[in-house]
Amino acid sequence: MTSLATSSLVPKPSLRRRAERGLFGLVAGLEWLGAIILAVLFAVVMAAVLRRYVFGGGYVWSDELAIWLNVALVAVGAPLAATSALAMRLDVIVRLLPAGAQRLASVFADAVAVHGSLVLACGGASVVALVGGSSTVLGLPEWLRFAAFAVGGGLTVVVVLWRAALDSSWPAALASLVLGIGFYLAAQSATGIFVETPSLVAASLAGLGLILGAPLPYVLLAGVSLSGAFGGLLPEPAIVQNTVSGVSKFLLLAIPFFLLAGELLTAGGLAERLVRFAASLVGHWRAGLAQTTLMSSVLFSGASGSSVANAAFGAKVMAPALIARGYPPAHAAAIVAGVSMLDNIIPPSIAFLILATATNLSVGSLLVGGFIAGGVLALALAIGIHLSVREVVDAAPKASGQERAKSFIGALPAIGLGVVVVVGIRFGVVTVTEASALAVAYALIACLALRSLNIGTVFGALRKSATEAAAVGMLIGASAPFAFLLAVDRVSDQMAGLVTALGGGPYAVMLLANLVLLVAGLFLDIGAAILLLAPLLLPVAISAGLDPIQFGVILVVNLMIHGLTPPLGILVYVVSGITRVPAGAVFRAVLPLLATLLVALAVLCLGAAAWPSFPPPFKELF
Amino acid sequence: AGRPVTVASLFGEDKPETRVWRKIAEILNRTAPGRFDLRIVGNAALGGEKEVAEGVRLGSVQASLSTISALSGWVPDSQILDLPFLFRDRGHLKRVLAGPLGDELKGKFEGQGFVVLGFINYGARHLLAKEPITTPAGIKGKRIRVIQSPLHTELWSGLGAYPTPIPIPETYNALKTGVVDCMDLTKSAYVGFKLHEVVPYLIETGHIWASGVIYVSAAFWKGLSAEDKAALSAAAAEGVGYFDDLIVADEEASMAKAAAEGGKVVQPQDRPAWEEGARKVWTSFASKLGGIDKIEAVAKSA
Ligand code: NA
Ligand code: NA
């Protein structure tokens, strides 16, 4: 970029500064709008909770209104999901290219984003015209939900091109626009070639866009759109309708709330109290600070539902401490990334929510499995850290009983948050969405009572978590049309054939299903992989006699391990982005932990595969 | 291999919702060989009823089954079929739909892009509870799980209960832990979700009959030749009978399973009192459904 700054293609400084300020203002405006929608969403769900538990009964409109607000939140955040750090752009491969090729790749990548956004904008407008109907609960026309996405798509075109003009040049942005419109028009035209499995066409084209560094949600939309030229079975308006339906699910409302609760936990200093308590427990072991990082992650996981939040917290708080204690930076980053995968295994967990949405498994039952798997994985990570940390001898003096008790009391407000959420969900006192909203209320009240939050930090947390929730929601939505194509292509039959290739017994199915997941997980984001693969694999697992809940937990564990694998290990990218250690070095340093996690996965798989043959009295212990 | 027809089903291969399409495909293979390629996608992989209906209007899905209530956002008049205590039994409902009301609704569905090939019957909803609540007095003050629908909410709050909307996968847990005391559902779904383990009493109220339609997209229908239309209509008509028989058989098998596992069936007492409570819903919805006289006429019809 510095080489470009001297080029004559870049606008004059004053104009440039105005352009920068304009984009900054637009982005900030969208973030604030998202924050306001999230605040209203919280108010609606809390009103319903209060009405139910204080006055009995409920509001018939509250769930549907909350769903519509979530759709609006994702639509407002769609432009940010294309350009922010959470755009899920794969840049490992592009970085290997020479500078000229990199510029070309970035023009292509932005063109793919433009194409995906045009699908949202134009397809969304068609849905508005065609869908009809109204919500019987809200008395509002259904087209409003789709109109929000049409506007979001239009704004995404603007933001992507504006960003490209500032980062590269105006001609580069113009080239992306022309190319993007070209892709869009190509998708509308019939080639006359009819491919039996359009999802393969969509997957290959999406893969190409991904390699060039285009943002993942838009890559998926563009790929499905282009498959239309090869006899695709999903007309453009239906792509947008599927995207919006993908985010119009009650369970998904918990995602913004868990992200917000995690943000408040960190901003309000409750998370640091957890670290102090963890240090008093394990700080005196060999590699004491690394073990403290692990123990802090376990405690944080009990209150938070997001591994990304966990990784971000660890990278901000634990990594600098590890480096100061003499750990090589890449190793410190690897430890933080490795232990943060636990957050989506130890309940509450956004990954389990997505799984429950995709398969109708009960979140309450998944929780128990998550605790068991989380325990096994935490033990594996402890052993991995013990074996892999050699040079650094950093044991702190052993904490006295009094010190432990004191730090435990200090950590109680944060531990209480986890208890509220898990007990609430497990015993059905509240639905998952309500539990997640209660977590926000709890974190808010605890931090305000401890005077560790002010109104400014609360607004900051709202703005940040709204943006993150929109990015996650956008990915979930964009995966839906792809999942539709997979279903119509009868890929599930082929998948069933693949997974039962060694016979339909529990061990053979478990082995092959895990191999499929291990390969697919390398190239798919965790959320997308759950949405696409769980509905295909679960029926096969059930017919092999495996327990659906156990299989679901193993599926999530398998895919979470991919948060640490190249090329798309999201946890490594988050930690590397915050600590500024190159992602490649972190990928190498995380290998020992990856190995122990794979061993733990194998142990869990063996247990679940043997489960059907265990005697019933033993099973009842669980 | 014939015209591709994407067919969406909510359930797996063994359920009536999918088996009816296998049957229709089999009939079409005989009566219109090589004309249709039915791509039957089960397990709600193409979305829930409302998303599928949207897909039918937008061209991604060509055919499906749906309950009437899922389509009421497009055809509000059809909610008349969901009114509580309106139909005495299965036969009464069938006769009403074979008459002018059925034709009127078919016309309204077609106006919204849904060509109805036949009306189906998913069975009646019954009250499910931890104790034998046989009179409306017994339901007073109870927390009841409902679907998110003003009609259902009004029915139960009119009877003095506290309606609480809970998604179906979480309902078992909510009943077990006492978040809610009771709910209502069809017999097949009652046993399918293992709810007889937590609410062992099925009070055979049959208060709402879950009607539905076999339907195709209007755009798809327009593109068919007269011959193909006739073949598809005939196959769907046979499908309707097949589906209704499957539901009846499934209900019997489900209730036998529930009985073997401790479930109990009891009859409601004081039916006039139940109907009285339900009439509040009739009057409150009358203006949207063509007037109270029309509703009364349906109730009194043979
Ligand atoms: Na967690
Ligand atoms: Na991955």
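Residues numbered from 1 in each chain as written. Chains lettered and ligands numbered in written order. Predicted model: local features only at pLDDT ≥ 70, side-chain atom pairs only at ≥ 80, totals over all residues. Heavy atoms only, no water.

Per an unreviewed UniProt entry, chain A goes by Tripartite ATP-independent transporter DctM subunit and derives from Bosea psychrotolerans. Word for word, the UniProt comment on chain A under Function (unreviewed entry) is "Part of the tripartite ATP-independent periplasmic (TRAP) transport system." Here chain A is described in UniProt, under the heading Subcellular location (unreviewed entry), as follows: "Cell inner membrane". (UniProt positions renumbered as here; feature names shortened; annotations may be inferred.)

Mind showing me how you'd approach the overall build of chain A here?
Secondary structure summary: chain A contains 27 helices and zero strands in total. Projected onto its principal axes, the C-alpha coordinates of chain A cover approximately 70 × 60 × 55 Å. Within chain A, the proportion of its 622 residues that are buried is 59%. In chain A, the proportion of contacts linking residues at least 24 apart, taken out of those at least 6 apart, comes to 81%. Charge separation in chain A, taken as the distance between the mean sites of 30 positive and 23 negative side-chain charges, equals 11 Å. (Helix = DSSP H or I, 4+ residues; strand = E, 2+ residues; numbered from the N terminus. Buried < 20%, exposed > 50% of the residue type's maximum accessible area, 1.4 Å probe, protein only. Contact = heavy atoms within 4.5 Å. Lys, Arg positive; Asp, Glu negative; His and termini not counted. Charge placed at Lys NZ, Arg CZ, Asp CG, Glu CD.)

Looking at this structure, how should I read the environment of B:Lys108?
All names here are of chain B. Along the chain, Lys-108 falls in helix H4 (residues 100–111). Along the backbone, Lys-108 and Asp-77 are 31 residues apart, and their C-alpha atoms lie at a distance of 8.5 Å. Every residue in contact with Lys-108, bar those within four places of it in the chain, is listed here: Val-75 and Asp-77.

For this particular structure, what's the right way to read the packing of helix H6 (residues 150–158) of chain B against helix H11 (residues 271–286) of chain B?
Axis angle and axis distance: for two packed helices, these are the angle between their axes and the distance between the axes, and together they describe the pair. Residues and elements named next belong to chain B. Where H6 meets H11, the closest approach of the two axes is 9 Å, and the angle between their N-to-C directions is 140 degrees. Here H6 is positioned oblique relative to H11, judged by the angle of their axes. Handedness of the crossing formed by H6 with H11: right-handed. Of the residues in H11, those touching H6 at Pro-150, Leu-151, Glu-154, Leu-155, Trp-156 and Gly-158 are Trp-274, Ala-278, Lys-280, Val-281, Ser-284 and Phe-285. Considered class by class, the residues forming the contact of H6 with H11 number eight nonpolar, two polar and two charged. (Axes fitted to C-alpha atoms, helices over the stretch in contact; angles between N-to-C directions. Parallel < 35°, antiparallel > 145°, perpendicular 65-115°, else oblique. Left-handed = near helix turned anticlockwise from the far one by under 90°. Nonpolar A, V, L, I, M, F, W, Y, C, P; charged D, E, K, R; others polar.)

Got a minute to help me understand empty space enclosed by the protein in this structure?
Any empty space left between atoms is shown by rolling a water-sized probe over those atoms. All names here are of chain A. According to the stated counting rule, one finds eleven cavities of 30 Å³ or more in the structure shown. Val-308, Asn-344, Ile-350, Val-472 and Asp-525 are the residues nearest the centre of the largest cavity, which is lined by 22 residues in total. Elements with a contribution of two residues or more to the lining of the largest cavity: helix H13 (307–324), helix H15 (350–359), helix H19 (455–488), helix H22 (526–543) and helix H24 (570–579). Element by element, the count of residues in the lining of the largest cavity is highest for H19, at four residues. Here the residues of the lining of the largest cavity sort into 15 nonpolar, five polar and two charged. (1 Å grid on protein atoms, 1.4 Å probe; cavity = no way out; pocket = protein on both sides within 12 Å on 5 of 7 lines; lining within 4 Å. Points joined across faces, edges and corners; volume = space filled by probe spheres on them.)

Help me understand the interface of chain A and chain B, please; the structure alone is not making it clear to me.
Counting residues at the interface gives 45 residues for chain A, matched by 35 residues for chain B. Interface area, chain A with chain B, both sides summed: about 3,300 Å², of which 55% is carbon and sulfur. Counting the surface chain A buries against chain B, the share from its top three residues, A:Arg52, A:Val60 and A:Phe484, is 15%. Run the count over chain A and chain B and you get two salt bridges. (Buried area = accessible area lost by both parts, 1.4 Å probe. Salt bridge = Lys/Arg side-chain N within 4 Å of Asp/Glu carboxyl O.)

Explanation requested: the side chain of A:Ser407 in the structure shown.
Structurally, the position occupied by A:Ser407 is in helix H17 (residues 401–426). Leave out the neighbours within four places in its chain, and A:Ser407 touches A:Arg273, A:Arg276, A:Phe277 and A:Ser280.

Teacher, can you tell me more about the side chain of B:Glu296 here?
Its location among the elements puts B:Glu296 in helix H12 (residues 292–300). Those residues in contact with B:Glu296 that lie beyond four places of it in its chain are B:Arg279 and B:Trp282.

Sorry if this is basic, but what is going on with the packing of helix H12 (residues 288–303) of chain A against H13(A) here?
Residue and element names in this part refer to chain A. Interaxial distance between H12 and H13 falls to 11 Å at its minimum, and their mutual angle equals 155 degrees. The angle between H12 and H13 places the two elements in the roughly antiparallel class. Here H12 and H13 pass one another in a crossing that is right-handed. Along the contact surface, H12 presents Leu-289, Ala-290, Thr-292, Thr-293, Ser-297, Phe-300 and Ser-301, while H13 presents Ala-309, Asn-310, Phe-313, Met-318, Ala-321 and Leu-322. Class assignment for the residues of the contact of H12 with H13 results in eight nonpolar, five polar and no charged.

So what exactly am I meant to see when it comes to the domain arrangement of chain A here?
Where interface size is given, it is often the accessible area lost as the parts come together that is meant. Residue and element names in this part refer to chain A. Considered domain by domain, chain A is made up of domain 1 (15–248) and domain 2 (261–453 + 490–615). Computed from C-alpha atoms alone, the centre-to-centre distance between domain 1 and domain 2 is 29 Å. The partner domain 2 presents 17 residues to the 14 residues of domain 1 that form the contact. Counting each side, the surface lost to burial between domain 1 and domain 2 is near 1,300 Å², with a carbon and sulfur contribution of 77%. Counting the surface domain 1 buries against domain 2, the share from its top three residues, Phe-42, Tyr-53 and Leu-90, is 28%. On inspection of domain 1 and its partner domain 2, the count reaches zero salt bridges. At the level of secondary structure, the elements contributing two or more residues to the side of domain 1 that touches domain 2 comprise helix H2 (13–55) and helix H7 (198–211). The element contributing the most residues to the side of domain 1 that touches domain 2 is H2, with six residues. Its residues assigned to classes, the side of domain 1 that touches domain 2 shows ten nonpolar, two polar and two charged. (Domains from an automatic or database assignment.)

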